[in-house]
Amino acid sequence: MIPSLSFNQSEILASILHLNKLDYFDADITFGNGKFYQDMPRPRLCFDIDPQLDFVEQASSAKLPMPDNSAQSVVFDPPFLTYVKAAREHNSIMAKRFGGYWAYDDLAKHYQDTIKECARVISAKGILVFKCQDIVHNHKLHPTHLNVVNWASEWFRLKDLFILGAKHRMPIPQQQGTALKQQKHARIFHSYFLVLEKLH
């Protein structure tokens, strides 16, 4: 039995391949260092805005060098952090490791543009595997996984949802010389793998 909760993202990706009767993913459009694929076949096409490996082609996830309806499966693992410019100036470990956006509106635009581009390149009944995390930004909880489903609804339906629990607790980004403020929101120790199926 394949569970919806795991603490291993490679296990989740392997489960998605199995449930969708796939041997590998056609494309990963934010490939990074490729840690997703240590225990499984690498995607046929690998893209990144800032390639770290020789075989990865430079491309934005919102403008892919792929023909229309040419992929049956695409993986998208974008940054999820906001206030990154300020965090970098104050030595945030999370900002340096993961990158991100200045504001949630920037995140939303990147996600929406990429969803639209994936709708172009994915064929009917194909899947977009979208990793995301809900965040608190500007004292407001943004349920990103729900937003993604809504943003994608013109082209995709939610076929499956997996929850990735955090093995490690990252420190709270904090400006130097400031006292830790009173907690007002639950700490988020999980992220989502949304499996979105192309409608037509």
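Residues numbered from 1 in each chain as written. Predicted model: local features only at pLDDT ≥ 70, side-chain atom pairs only at ≥ 80, totals over all residues. Heavy atoms only, no water.

Visitor: How do you make sense of the sheet that holds strand β3 (residues 45-48) when you look at a structure like this?
Guide: Pairing within the open sheet is mixed, and its eight strands lie in the order β1-β9-β10-β6-β5-β2-β3-β4. Of all the strands in the sheet, the pair left with one neighbour each is β1 (5-6) and β4 (57-58). Here strand β5 (residues 71-76) pairs with strand β6 (residues 122-132) via five bridges, running parallel. Looking at β6, one finds that V75 is bridged to V129. Those strands touched by helix α4 (residues 104-121) are β5, β6, β9 (156-165) and β10 (190-198), and its axis lies near 155° from that of β6. Strands β6, β9 and β10 of the sheet are contacted by helix α5 (residues 144-152), whose axis makes an angle of about 10° with β10. (Pairing = 2+ DSSP bridges. Helix = DSSP H or I, 4+ residues; strand = E, 2+ residues; numbered from the N terminus. Contact = heavy atoms within 4.5 Å. Axes fitted to C-alpha atoms, helices over the stretch in contact; angles between N-to-C directions.)

Visitor: What exactly am I supposed to notice about the side chain of S191 here?
Guide: Its place among the elements puts S191 in strand β10. Assessed through its relative accessible area of 8%, S191 is described here as buried. (Buried < 20%, exposed > 50% of the residue type's maximum accessible area, 1.4 Å probe, protein only.)

Visitor: Could you clarify how one ought to interpret the confidence of the model for the protein in this entry?
Guide: Caution applies to low-pLDDT parts of the model: their predicted coordinates are not meant to be read in detail. Put simply, the protein has an average pLDDT of 86, and 84% of its residues get 70 or more. Every residue in residues 86-98 scores below 50 in pLDDT, and together they form 26 contacts with partners more than four places removed in sequence or on other chains. Confidence over residues 173-177 falls short of pLDDT 50; this stretch has eight contacts with residues more than four positions distant or in other chains. (pLDDT = per-residue confidence, 0-100.)

Visitor: I keep staring at helix α1 (residues 9-19) and nothing clicks. Help me out?
Guide: For an α-helix the count is 3.6 residues per turn, leaving residues at separations of three or four pointing the same way. Taken together, the buried positions of α1 are S10, I12, L13, S15, I16 and L17. Against β1, β6, β9 and β10 lie the buried residues of α1. For α1, the N-terminal capping position is held by N8, with its side-chain oxygen 2.9 Å away from the main-chain nitrogen of S10. Of the residues one or two after α1, K21 is the one with positive phi, at around 55°. (Polar contact = N/O pair within 3.5 Å; in protein donor to acceptor, adjacent residues only side chain to side chain.)

Visitor: What should I look at first to understand the packing of aromatic side chains in this one?
Guide: Remark: the centre distance and the inter-plane angle together describe each pair of aromatic rings, the angle taken between the planes. Enumeration over the complete set of coordinates arrives at eight aromatic pairs. Their ring planes at 80° and their centres at 5.9 Å tell us that F36 and Y37 sit as a pair that is edge-to-face. Judged by centre distance (5.3 Å) and plane angle (70°), the rings of Y111 and F130 are edge-to-face. Here F130 lies in strand β6 and Y111 lies in helix α4, a separation of 19 residues in the sequence. Here the aromatic cluster, defined as three or more aromatic residues joined through ring pairs, consists of F31, F36, Y37, F55 and F193. (Phe/Tyr/Trp six-rings, centres within 6.5 Å; stacked < 30°, edge-to-face > 60°.)

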